Amino acid sequence: MWLPILGLVLGLAIGYVSPFSVPIEYAKYFSVGILAALDSVLGGIRSAQEDHFDSTVFLSGFFSNMLLAAALAYIGDRIGVDLYLAAIVAFGVRLFNNLGSIRRHLLKK
């Protein structure tokens, strides 16, 4: 259960110290990709707490969420509509739901 949290902390630490900047053209894609990844990680932590974790489901959800979010942003750019906002709202709601479930589970212990 602590492996996803350790990976998240390690990834954040590496990202903080590395001199990496995202060009403004790719900022939409990068932002929805990060939200999709965080949603998958928090969903994995939640399912591990509920003893339902499956690595195949986690990995497939991780990559399919990121690809779908990037595809929405790309299609939206091509037709002139900010479709990436739909992904941001959807993943934002799921992030807070998963975080609330994790918090409630930790407070029950």
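Thresholds, definitions, all that
All chains use their own residue numbering, which begins from 1 and follows the written sequence. Where totals are concerned, whole chains, interfaces and linings use all residues; where local detail is concerned, this predicted model gives features only for residues with pLDDT of at least 70, and gives and counts side-chain atom pairs only at 80 or more. The side-chain figures draw on all heavy atoms in the structure; neither hydrogens nor water molecules are used. UniProt positions are given in the numbering used here, feature names are shortened, and annotations may be inferred rather than shown by experiment. A carboxyl oxygen of Asp or Glu within 4 Å of a side-chain nitrogen of Lys or Arg is what we treat as a salt bridge. Strands here are runs of E lasting at least two residues and helices are runs of H or I lasting at least four, both read from the DSSP assignment and numbered beginning at the N terminus. Burial classes: relative accessible area under 20% of the type maximum marks a residue as buried, over 50% as exposed, and values in between as partly exposed (1.4 Å probe, protein chains only). Take the buried Ala, Val, Leu, Ile, Met, Phe, Trp, Tyr and Cys residues and link them wherever side-chain atoms come within 4.5 Å; each set so joined is a nonpolar core. Residue contacts follow a heavy-atom distance rule, with two residues in contact if any of their heavy atoms lie within 4.5 Å.

For the protein chain, an unreviewed UniProt entry supplies the name Small basic protein and the organism Desulfosporosinus acidiphilus. Quoted straight from UniProt, the Sequence similarities (unreviewed entry) entry for the protein chain says "Belongs to the sbp family." Database annotation for the protein chain, UniProt heading Subcellular location (unreviewed entry): "Cell membrane".

Hey, could you go over the pattern of salt bridges for me, with residue numbers and the actual values?
For the structure on display, the rule yields four salt bridges. Among the ionic pairs, Asp-77 bridges to Lys-28, the shortest N-O distance being 3.3 Å. Taken together, the residues Asp-77 in helix H3 (residues 55–79) and Lys-28 in helix H2 (residues 27–49) connect sequence positions 49 residues apart. By relative accessible area, Lys-28 is classed as partly exposed at 27%. Salt-bridge contacts for Glu-50 lead to Arg-46; the nearest nitrogen and oxygen are separated by 3.4 Å. Judged by its relative accessible area of 28%, Arg-46 is partly exposed. The network of salt bridges with common partners includes Lys-28, Asp-77 and Asp-82.

Lay out the UniProt feature "transmembrane region" (unreviewed entry) in the protein chain with the relevant residues and their values.
If you check UniProt for "transmembrane region" (unreviewed entry), the listed places come out as residues 57–75 and 81–99 in our numbering. A distance of 26 Å separates the end C-alpha atoms of residues 57–75, which is 100% helix and 0% strand. The straight-line gap between the two end C-alpha atoms of residues 81–99 is 30 Å; of that span, 84% is helix and 0% is strand.

Can you explain the nonpolar core? Please cite residues and give values.
In terms of nonpolar packing, the biggest core is built from 15 residues, with Val-32, Leu-42, Ile-45, Ala-69, Ala-87 and Phe-91 touching the most fellow members. Looking at this core, the elements with two or more residues in it are H2, H3 and helix H4 (84–108). It is H2 that contributes the most residues to this core, seven residues altogether. Excluding anything up to four places from it in sequence, Val-32 contacts Ala-69, Ala-70, Ala-73, Tyr-84, Ala-87 and Ile-88.

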